[in-house]
Amino acid sequence: WTETNRRFPLTLTVNREDGQELIGLGAQVEAGRPPGTPEGADIRNVLAVNAEAQFPESGGYELRAKLGDKIRSVAFRVRQLPIVPSGGSAVRFPQPLT
């Protein structure tokens with residue numbers, strides 16, 4: 001309730017398992033107080049980000065959000081799927097050179 005109608009810095013990052021940052025963006029967010037909201041009520045806000053991302057390889061990644069001094073994160077895995085041509089057998093993507 002007391003944090004409405006103020007701007008807060010938001011940082012979103014996608015990191016690899018080894019901590020290397022792949023994607024980073026920053027913004028300012030602000031939640032308004034709807035008319036008639038009782039004093040002390042929780043105010044929820046939804047944020048959607050539409051982005052195209054290419055992951056360099058299969059493996060573990062983390063999406064991290066920092067809003068003001070609060071940090072939340074979620075881990076996820078990326079894997080390559082085989083390409084199946086019409087009427088054929090699966091074809092694998094070439095492995096990256098190391």
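I will try to describe carefully the structure that is included in this document. (Residues numbered from 1 in each chain as written. Predicted model: local features only at pLDDT ≥ 70, side-chain atom pairs only at ≥ 80, totals over all residues. Heavy atoms only, no water.)

## A closer look at the sheet that holds strand β2 (residues 21-30)
Piece 1. Within the open sheet, the four strands sit side by side as β2-β1-β3-β4. Their pairing is antiparallel. Both edges of this open sheet fall to β2 and β4 (70-78), since each of them pairs with a single strand only. Going from strand to strand, the sheet's axes swing by 15° on average, the running direction of each strand aside.
Piece 2. Sheet topology note: the strand β1 (residues 7-16)/strand β3 (residues 59-67) ladder contains seven bridges and is antiparallel. Among the inter-strand pairings, Arg-16 is bridged to a residue of β3, identified as Tyr-61. (Pairing = 2+ DSSP bridges. Helix = DSSP H or I, 4+ residues; strand = E, 2+ residues; numbered from the N terminus. Axes fitted to C-alpha atoms, helices over the stretch in contact; angles between N-to-C directions.)

## Structural notes on the pairing of β3
Piece 1. For β3 and β4, the ladder comprises nine bridges, and the chain directions are antiparallel. Within β4, the residue paired with Glu-62 across the bridge is Ala-75.
Piece 2. Two successive antiparallel strands, β3 and β4, enclose a turn made up of two residues, where Gly-68 displays a positive phi of approximately 65°.

## What to know about the layout of surface pockets
Piece 1. If you add up the space inside the largest pocket, you get close to 840 Å³.
Piece 2. Secondary-structure elements contributing two or more residues to the lining of the largest pocket are β1, β2, β3 and β4.
Piece 3. Looking at the lining of the largest pocket, its residues break down into twelve nonpolar, three polar and nine charged.
Piece 4. Quantified by volume, the second largest pocket comes out at close to 230 Å³.
Piece 5. Around the second largest pocket sit Leu-12, Thr-13, Val-14, Ile-23, Leu-25, Val-49, Ala-51, Ala-53, Leu-63 and Phe-76, which together line it.
Piece 6. Contributing elements (two or more residues each) for the lining of the second largest pocket: β1 and β2.
Piece 7. When residues of the lining of the second largest pocket are assigned to their parent elements, the largest contribution, three residues, is made by β1.
Piece 8. Its residues placed into classes, the lining of the second largest pocket shows nine nonpolar, one polar and no charged. (1 Å grid on protein atoms, 1.4 Å probe; cavity = no way out; pocket = protein on both sides within 12 Å on 5 of 7 lines; lining within 4 Å. Points joined across faces, edges and corners; volume = space filled by probe spheres on them. Nonpolar A, V, L, I, M, F, W, Y, C, P; charged D, E, K, R; others polar.)

## Here's the deal with a nonpolar patch on the surface
Piece 1. A cluster of nonpolar residues, Leu-22, Ile-23 and Phe-55, forms a patch on the protein surface that exposes about 200 Å² of accessible area.
Piece 2. Mapped onto the elements, Ile-23 comes out in strand β2. (Patch = residues over 30% accessible without salt bridge, like charges linked within 9 Å, V, L, I, M, F, W, Y side chains within 5 Å. Areas by Shrake-Rupley, 256 points an atom, 1.4 Å probe, with all protein chains shown as cover. Salt bridge = Lys/Arg side-chain N within 4 Å of Asp/Glu carboxyl O.)

## Topic: the environment of Thr-11
Piece 1. The topology assignment puts Thr-11 in strand β1.
Piece 2. Look at Thr-11 and you get partly exposed, because its relative accessible area is 37%.
Piece 3. Each C-alpha atom of the pair Thr-11 and Ile-71 lies 9.4 Å from the other, and the pair is 60 residues apart in sequence.
Piece 4. Ignoring any residue separated from it by four or fewer positions in sequence, one finds Thr-11 in contact with Leu-25, Gly-26, Arg-64, Ala-65 and Lys-66. (Buried < 20%, exposed > 50% of the residue type's maximum accessible area, 1.4 Å probe, protein only. Contact = heavy atoms within 4.5 Å.)

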